[in-house]
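# Chain and residue survey
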Amino acid sequence: MIITIFSEDDSTKRSILAANLATFCALQHRKVLLIDATSLKYSQNWGERRLAADAKIKLAVRGMEGLPSELENPASYYRSHFQDIIIDTDGCDSWNADSALVATDVLLVPIGSRSGDVKRRESLIQRIEALRLFNPALRVLVVELQAISAFGDTAADERSAARTFSRNVLTASLAQTVIHEWLEDNRLLQQGQSVFDSEPRNQRAVAEIEALYQEIAHARDLRLEAGAYGLAILHAIQRRITSHEASEEDGLKAIAAGGDRSRV
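Parameters and conventions
- Residues numbered from 1 in each chain as written.
- Predicted model: local features only at pLDDT ≥ 70, side-chain atom pairs only at ≥ 80, totals over all residues.
- Heavy atoms only, no water.
- Axes fitted to C-alpha atoms, helices over the stretch in contact; angles between N-to-C directions.
- Helix = DSSP H or I, 4+ residues; strand = E, 2+ residues; numbered from the N terminus.
- Parallel < 35°, antiparallel > 145°, perpendicular 65-115°, else oblique.
- Contact = heavy atoms within 4.5 Å.
- Nonpolar A, V, L, I, M, F, W, Y, C, P; charged D, E, K, R; others polar.
- pLDDT = per-residue confidence, 0-100.
- Phe/Tyr/Trp six-rings, centres within 6.5 Å; stacked < 30°, edge-to-face > 60°.
- Buried < 20%, exposed > 50% of the residue type's maximum accessible area, 1.4 Å probe, protein only.
- Expected span 1.5 Å × (residues − 1).
- Core = buried A, V, L, I, M, F, W, Y, C linked by side-chain atoms within 4.5 Å.

### A word on the packing of helix H1 (residues 13–27) against helix H9 (residues 203–221)
Contact geometry for H1 and H9: axes closest at 10 Å, N-to-C directions at 80 degrees. Judged by the angle between their axes, H1 and H9 are roughly perpendicular. Only Ile209, Glu210, Leu212, Tyr213, Gln214 and Ile216 of H9 make contact with H1, whose side of the interface consists of Leu17, Asn20, Leu21, Phe24 and Cys25. Split into classes, the residues belonging to the contact of H1 with H9 amount to eight nonpolar, two polar and one charged.

What follows is the structure, given as structure tokens:
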């Protein structure tokens, strides 16, 4: 299974989530590869620190270089050798990011209350929908990143950013699992560790990662309603046409404005 964790956020949260999911897979005695397709290389640096610390739970970590064609080929060494491939990407490298997303089984999108502005989220939605033209079987799972208040867990909010985002992506599902504030702590990432390596363990964090992986596996096997694929692709095409027309209109306005200024 190929799981891609995708956000346009430059914080460590996405990479922490990727590292912990990869470690969980390795702990289940599965062959796992964590691929770093980001600009800041948090996952690759984590893997190097992990190797230097000789961590007990072993897994492979590498960059995206040279892998796009391998990922797109179901018979390639990487696809046949590793049971789970987890890709950490922020979309900055469009070629590598798009190659990863086209090969993905489940796209995991972490969304917090402060996960970028509305314009950035809209851009992310457009990119996901455009991918359906090349990967119509893509499963999208949105997971909420939630802080904990001084009075305990924050109440589930119908207006939460993650819930709103999942509603705006056709065929996307909102994970029942919520990832809590331990994700804010990047000390384990800096040490090449995961919540499964630390002593004492944060049992709540461990339980959240285990539950999230089960939801990812379920999303991969979930059958969509008849016509859902076609509707999602049609929606993606319509959105691209609308976006293209809007760009052309903006371009004409800019040319007209330039002409008006030249006559002043």
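Still to come is the rest of the account.
### Details of the confidence of the model for the chain
On average, residues of the chain carry a pLDDT of 80, and 76% of them reach 70 or more. Low pLDDT, under 50, characterises residues 150–155; the predicted model gives this stretch seven contacts beyond four residues in sequence or across chains.

### Some thoughts on the packing of aromatic side chains
Here the structure, examined in full by the defined rule, presents four aromatic pairs. Taking the centre distance of 5.9 Å and the plane angle of 35 degrees together, the rings of phenylalanine 24 and phenylalanine 196 count as tilted. Here phenylalanine 24, found in helix H1, pairs with phenylalanine 196, found in the loop between helix H8 (187–190) and H9; they are 172 residues apart in sequence, far enough to count as distant. Between the aromatic rings of tyrosine 78 and phenylalanine 82, the centroid separation amounts to 6.2 Å while the plane-to-plane angle is 15 degrees, which identifies the pairing as stacked. Among the residues examined, phenylalanine 82 registers a relative accessible area of 13% and is labelled buried. Grouping aromatic residues by their ring pairs yields a cluster made of Phe24, Phe196 and Tyr213.

### Quick notes on H9
Over its 19 residues, H9 extends 28 Å from the first C-alpha to the last, a length consistent with the 27 Å expected when each residue adds 1.5 Å. Buried-residue contacts for H9 involve strand E1 (2–6), H1, strand E4 (84–89), strand E5 (106–112), strand E6 (139–145) and strand E9 (173–179).

### A few points about the nonpolar core
Counting residues in each nonpolar core, the largest one holds 37 residues, and the members touching the most others are Leu17, Leu21, Ile86, Leu108, Leu212 and Ile216. Among the elements of the structure, E1, H1, strand E2 (32–37), E5, E6, E9 and H9 are those that each provide at least two residues to this core. The greatest single-element share of this core, amounting to nine residues, is contributed by H1. Setting aside its immediate chain neighbours within four residues, leucine 212 contacts Leu17, Leu108, Leu141, Val143, Ala175, Thr177 and Ile179. If you look at the next biggest cluster of nonpolar residues, it comprises 17 residues, including Val109, Leu124, Ile128 and Val140.

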